[in-house]
Amino acid sequence: MSVDDMTTVPDTVTMPAPATPYQGDIARYWDGEARPVNLRLGDVDGLYHHHYGIGEVDHSALGGDGPDREKRLITELHRLESAQTDVLLDHLGTVQRDDLLVDAGCGRGGSMVMAHQRFGCDVEGVTLSVKQADFANRRAHELGIEKSVQARVCNMLSMPFTTGQATASWNNESSMYVDLHDLFAEHARILAVGGRYVTITGCWNPVYGQPSKWVSQINAHFECNIHSRREYMRSLIDNRLVPQAVVDLTEATLPYWELRATSSLTTGIEDAFINSYRDGSFQYLLIAADRV
Ligand code: SAH
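Okay, so let's go over this structure. Since we're looking at a predicted model, the values are computed, not measured. (Residues numbered from 1 in each chain as written. Predicted model: local features only at pLDDT ≥ 70, side-chain atom pairs only at ≥ 80, totals over all residues. Heavy atoms only, no water.)

## Quick look at unusual backbone geometry
Non-glycine residue Glu173 carries a positive phi angle of around 55°. In this structure, Glu173 sits in the loop between strand E5 (166–172) and helix H7 (180–190). Positive phi outside glycine occurs at Arg240, with the angle close to 60°. By the secondary structure assignment, Arg240 is in the loop between helix H9 (229–238) and strand E7 (241–248). (Helix = DSSP H or I, 4+ residues; strand = E, 2+ residues; numbered from the N terminus.)

Here it is in structure tokens:
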């Protein structure tokens, strides 16, 4: 389905403006973002993601070099990015229908929709971008799940939830835009004791030493600040979030990047990801932590 088909635009609940000039830059970045690599993949089945894929490429689904190759390639890349969300959701633990899940940095809302479809519960998302929140709310409305899936324009360092309100919360490729101590303090506040926090993120590898030139290139490309694996662990533990599972997804995400690099949807950042994953300076990690 196409984005242009959407007619009813529900109001986005607008919270106070970004707290810092940097957050203003990030809000503008995502308000203006309309890369085909995100939109055309989302058009495949209406789940719009702004993250990368994991898992083996199904070469039989790609077929040969015929005129349909690009279409099949887009469908395959999209399958891998939804597979990434599935792995995140697998780590949320037991979720009941009357629980609340929070997606911090929710983008266009693909993960929220998948979480609601899996658990049947309410899912609230926050993003700095008005356009993204509107988009996510419009999709939820179209799917008839707008009472359960809502996006708000809001800073994830100060979320509109009461203490202990959430059963689980996550950052799917959105933690590189904030200070980790501030972020995890806020997740620890909104999570119930015994609740679950999950992140999937790229991080630089302290075993390599310092951020490599590829990592610096990725930071410049996305205007973000990739943290180290060490910083994730330290900041989680310092904020009552105790890692329960750490899964290195680096090998699993390389096929997505290698396939994407052969498509017409390249954005120019593919080599930086592939080179830094290969030279060990960058890792794609899932961390699941218990709120204690
Ligand atoms: N999690 C989504 C989107 C990832 S893109 C997905 O997997 O598809 C990064 C997102 O982080 C964007 O939506 C951006 O608005 C959001 N973000 C960055 N800094 C933020 C902040 N301080 N508060 C709320 N959202 C933020």
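## Structural notes on the pairing of strand E8 (residues 282–291)
Counting buried positions along E8 gives 9 out of 10 residues, so the element sits mostly inside the fold. With 9 bridges joining them, strand E6 (residues 191–204) and E8 adopt antiparallel strand pairing. Paired with Gly202 across the bridge in E8 is Tyr284. (Buried < 20%, exposed > 50% of the residue type's maximum accessible area, 1.4 Å probe, protein only. Pairing = 2+ DSSP bridges.)

## A short note on the side chain of Glu124
Tracing the chain through its elements places Glu124 in strand E3 (residues 122–127). Among the polar contacts made by the side chain of Glu124, one reaches the side chain of Arg152 at a distance of 3.0 Å. Ignoring sequence-local partners within four residues, the contact set of Glu124 consists of Leu100, Leu101, Val102, Asp103, Met112, Gln150, Arg152 and Phe161. (Polar contact = N/O pair within 3.5 Å; in protein donor to acceptor, adjacent residues only side chain to side chain. Contact = heavy atoms within 4.5 Å.)

## Quick look at the site of the ligand
Surveying the vicinity of the ligand reveals 21 residues, the closest of which are His50, His51, Gly105, Gln132 and Asn172. Taking Asn155, its side chain carries an N or O atom lying 3.2 Å from a nitrogen atom of the ligand. With respect to the ligand, the backbone of Asn172 contributes an N or O atom lying 2.8 Å from a nitrogen atom. Calculation on the ligand without its partners gives an accessible area of 570 Å², and the protein chains cover 99% of this total. Assessed atom by atom at 2 Å from the grid points, the ligand resides in the largest cavity. Ranked by the residues each element gives to the shell around the ligand, the list is headed by helix H1 (residues 21–32), at 3 residues. (Near = heavy atom within 4 Å. Areas by Shrake-Rupley, 256 points an atom, 1.4 Å probe, with all protein chains shown as cover. 1 Å grid on protein atoms, 1.4 Å probe; cavity = no way out; pocket = protein on both sides within 12 Å on 5 of 7 lines; lining within 4 Å. Sits in = over half its atoms within 2 Å of the grid points.)

## So, the pattern of salt bridges
Counted under the stated rule, the structure contains 11 salt bridges. The shortest N-O distance in the salt bridge between Glu124 and Arg152 comes to 3.0 Å. Of this pair, Glu124 sits in strand E3 while Arg152 sits in strand E4 (residues 149–153), placing them 28 residues apart in sequence. Assessed through its relative accessible area of 13%, Glu124 is described here as buried. By relative accessible area, Arg152 is classed as buried at 17%. Residue Glu270 pairs with Arg260 through a salt bridge whose shortest N-O separation is 2.9 Å. With Glu270 in helix H11 (residues 270–278) and Arg260 in helix H10 (residues 250–260), the pair connects residues that are 10 residues apart, well separated along the chain. Of the two residues, Glu270 and Arg260, neither departs from the other in class, the shared state being buried. Where salt bridges share partners, they join Asp86, Asp90 and Arg118 into one cluster. (Salt bridge = Lys/Arg side-chain N within 4 Å of Asp/Glu carboxyl O.)

## A word on the packing of helix H4 (residues 69–90) against helix H5 (residues 110–119)
Running from N to C, H4 and H5 point in directions that differ by 55°, and their axes come no closer than 10 Å. Overall, the two elements H4 and H5 adopt an arrangement that is oblique. Relative to H5, H4 is oriented so that their crossing is right-handed. Where H4 approaches H5, its residues Ser82, Thr85, Asp86, Leu89 and Asp90 are matched on the opposing element by Ser111, Met114, Ala115, Arg118 and Phe119. Broken down by class, the residue content of the contact of H4 with H5 amounts to 4 nonpolar, 3 polar and 3 charged. (Axes fitted to C-alpha atoms, helices over the stretch in contact; angles between N-to-C directions. Parallel < 35°, antiparallel > 145°, perpendicular 65-115°, else oblique. Left-handed = near helix turned anticlockwise from the far one by under 90°. Nonpolar A, V, L, I, M, F, W, Y, C, P; charged D, E, K, R; others polar.)

## Brief notes about the side chain of Thr253
Counting through the fold element by element, Thr253 comes out in helix H10. In terms of polar contacts, Thr253 uses its side chain to reach the backbone carbonyl oxygen of Gly53, at 2.8 Å. With residues near it in sequence (within four places) discarded, Thr253 still touches Tyr52, Gly53, Ile54, Tyr277 and Tyr284.

## Let's talk about empty space enclosed by the protein
For the structure on display, the rule yields 1 cavity of 30 Å³ or more. What the largest cavity holds in volume is close to 680 Å³. If you go around the largest cavity, you meet 49 residues; those closest to its centre are Trp30, His50, Glu173, Ser174 and Tyr177. (Points joined across faces, edges and corners; volume = space filled by probe spheres on them.)

## A short note on H7
Among the residues making up H7, those that are buried are Leu180, Leu183, Phe184, Glu186, His187, Ala188 and Ile190. The inward-facing, buried residues of H7 contact strand E2 (100–104), E5, E6, H9, E7 and E8. Between the side-chain oxygen at the start of H7 and the backbone nitrogen of His181 there is a gap of 2.9 Å, and the oxygen is on Asp179.

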